[in-house]
Each structure stands twice: as structure tokens, then as C-alpha cells.
Amino acid sequence: MKRADVKVWFACNNMCDFCVQWDKRTKYPPRSIDEIKKILDDEYKNGSRGLVFTGGEPTVHKNLTEAIRYAKKLWYEQIQIQSNWRNFEKLDYVKELIEAWVTEFWPSIHWFKPETHDKLVKAPWAWQQVVKGLINLKNLKQYVLINSVVTKQNYKEIPELAALLVKLWVAQFQFAFVHILWSADKNKATVVPKKSDAIPYIKKWLDIWKNAWVVCMTEAIPFCLMQWYEWAIAEYNFMPETTVVDAEYRTESYADYRWNEWKAKREECKSCSKFKICEWPWKEYPLIYWWDEFQPI
Ligand code: SF4
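All values reported here derive from a predicted model rather than from experimental measurement.

Draft legend 1. Spatial organisation of the packing of aromatic side chains. A complete count under the given rule lists 21 aromatic pairs for this structure. Considering the side-chain rings of Phe175 and Trp205, the 4.5 Å spacing of their centres and the 85 degrees angle between planes classify their relative orientation as edge-to-face. Of this pair, Phe175 sits in strand E6 (residues 172-177) while Trp205 is found in helix H10 (residues 195-211), placing the two residues 30 residues apart along the sequence. Accessibility classification places Phe175 together with Trp205 in one group, the buried group. With centroids separated by 5.6 Å and ring planes inclined at 80 degrees, the aromatic side chains of Phe177 and Tyr285 adopt a geometry described as edge-to-face.

Structure representation (C-alpha cells):
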């Protein structure tokens, strides 16, 4: 199902070291509700039947609930909120979003240890809020898909986090390798791990989840580092066609944009058996760690 990713505002109640939207939070005002409604009209006419509200942090936009109700009236079939999850600790707010017609919650939790999480998102008690939000959603029997950003600070905690979330019965889990833009770029020395260091932990996590029959995937890790785990590569197996409505531009096909603008390739990749289906690493990554890890299959 084609979907539209709509960024309603770039403000956020976290200050993550790996934020990819950092400078936009002060540069752009919130979209007005009329502007959001027009985007929803246009993207529905353009063929999207799935919708993702994101930002920044979409739950700090005062008209989010009204926007969801409007999307329901248009007959969007799936309405997802991508959030840092802190505001989901408020049970009444979660119920309001569900009544408005959110069908999927896509929160982010990045660390197993509360102190690691709070330090990286720069918000005291954030981990407790996230876990309370998760419990609220599970008690209300919501469909929860979780995303975690893989960083230098957290990758060793990945298997423990996976085991915890299996116990909490989330429906789907994704580990996205940090995209080296804005804050992540400024903090790259402390934030960006070498992929081959993180891979053993990620594979251990995939084993835990596969045995628990949970849908699990990775983002921005090429085939050559995922041998025997190719089934988990999100870009190849799971990602739907998505239009992105950002502050300055609208990208009709996020997949084309990744392939043509954001990913790096090198001459040696042409001899790889996966060349035609591989998306390669984010283009900023080889500028830090070069290409030694990526050996043609
Ligand atoms: S095409 Fe390049 S990056 Fe992709 S799997 Fe092959 S060697 Fe790795």
C-alpha cells in the first residue's frame, strides 16, 4: 500500500544526539491545520492509502488529533504515528488518538538501560515515560511497531532490549542504523559505530525475535554484512512505496531518493551478486569508516 509521510512540525520535546532534523526545529513554524488538510487531500488523490504523521515530534502539534480525524474522513486505511513516545504516558491522550483513528503506533525506544536512553535523548525520566506509554498502548490492545536507532552508545544493549520487548509483546521491531545528518553528523565521533562492530549484536537480536515469531528488520545495513539474515533487510523485504512531504520539498518516491541521492556505491560493488538489489550504506558512512567492511558477495 502506497503511503505518505507527512512532517507536521519539527519541534520536539527531546534533544537527541542523533537527531536528523535538528536545525529545522527552530527554522520552521508548525504547519497550520488547513495546510495539513490540503496535504492529506493531495496525497490521497495521488494514490496514498497509508499515512504517517511524523516530525520532529508530531504529538507536540496541537492539531494532531484534528488532522487524524480528517484523514479518517478521507478514508485513509492505515494511519500511523511515529513518535518519541513520551506523550503516550498520558492515558487520556492515547485514548484520544485511538478514538480519532490511529491504527498503528510507531514509537522509538533506543536503550535497554534507562540511564543510557535519558542521556542520549537529553530528557530526564524519558525512558520511564516511554515504558509507561508502551504499557498504556498494550493495555488498550494497540498495534505497536518499535524502532530503535543503532548508535555507538547502545549497540551492546541490543539483545537485552530485544528480550525485554519480546516480553512486552510488541508486534514488529526495526533497528535502523543511525543516519549521519545534522546532530548525528556533529556528534559522529561519539554516535556512529562501525557497522561490523554492531552486527554480531544485531544478529543475536534477530535470533531472539525470530524464535519469538515477531516481525523484525534492519535498515541501512547492506547485504554483505547481513549474510544468512537477508530476510531482515527492511529496504528489500518490507518498506512500502512512500511519498515524503518535508518542509522544503516533496519526494514522490522515497526509494528512488535513497537510491539516487542518499546512498553510496563504489566500483567494486559492481562485481557483487547483490548489486542490483542492494541499497548500499548511507553516503556519509564510508567517509568515516571507508569501504573495507563491504566486500562483494
Ligand atoms: S553491492 Fe556492495 S554494499 Fe551491497 S552487498 Fe554487495 S558489496 Fe555490499
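Draft legend 2. Up close: the environment of Tyr28. By secondary structure assignment, the location of Tyr28 is in the loop between helix H1 (24-27) and helix H2 (33-45). Take Tyr28: its relative accessible area is 18%, and that puts it in the buried class. When the C-alpha atoms of Tyr28 and Gln129 are compared, they prove to be 27 Å apart, with 101 residues separating the residues in sequence. In contact with Tyr28, other than residues within four places in its own chain, are Trp9, Phe10, Ala247 and Glu248.

Draft legend 3. Broad picture of the environment of Gln80. Along the chain, Gln80 turns up in strand E3 (residues 78-83). Between the alpha carbons of Gln80 and Phe105 there is a distance of 5.7 Å; along the sequence they are 25 residues apart. A distance of 2.9 Å separates a polar atom in the side chain of Gln80 from a polar atom in the side chain of Gln82.

Rules of the game
Residues numbered from 1 in each chain as written. Predicted model: local features only at pLDDT ≥ 70, side-chain atom pairs only at ≥ 80, totals over all residues. Heavy atoms only, no water. Phe/Tyr/Trp six-rings, centres within 6.5 Å; stacked < 30°, edge-to-face > 60°. Helix = DSSP H or I, 4+ residues; strand = E, 2+ residues; numbered from the N terminus. Buried < 20%, exposed > 50% of the residue type's maximum accessible area, 1.4 Å probe, protein only. Contact = heavy atoms within 4.5 Å. Polar contact = N/O pair within 3.5 Å; in protein donor to acceptor, adjacent residues only side chain to side chain.

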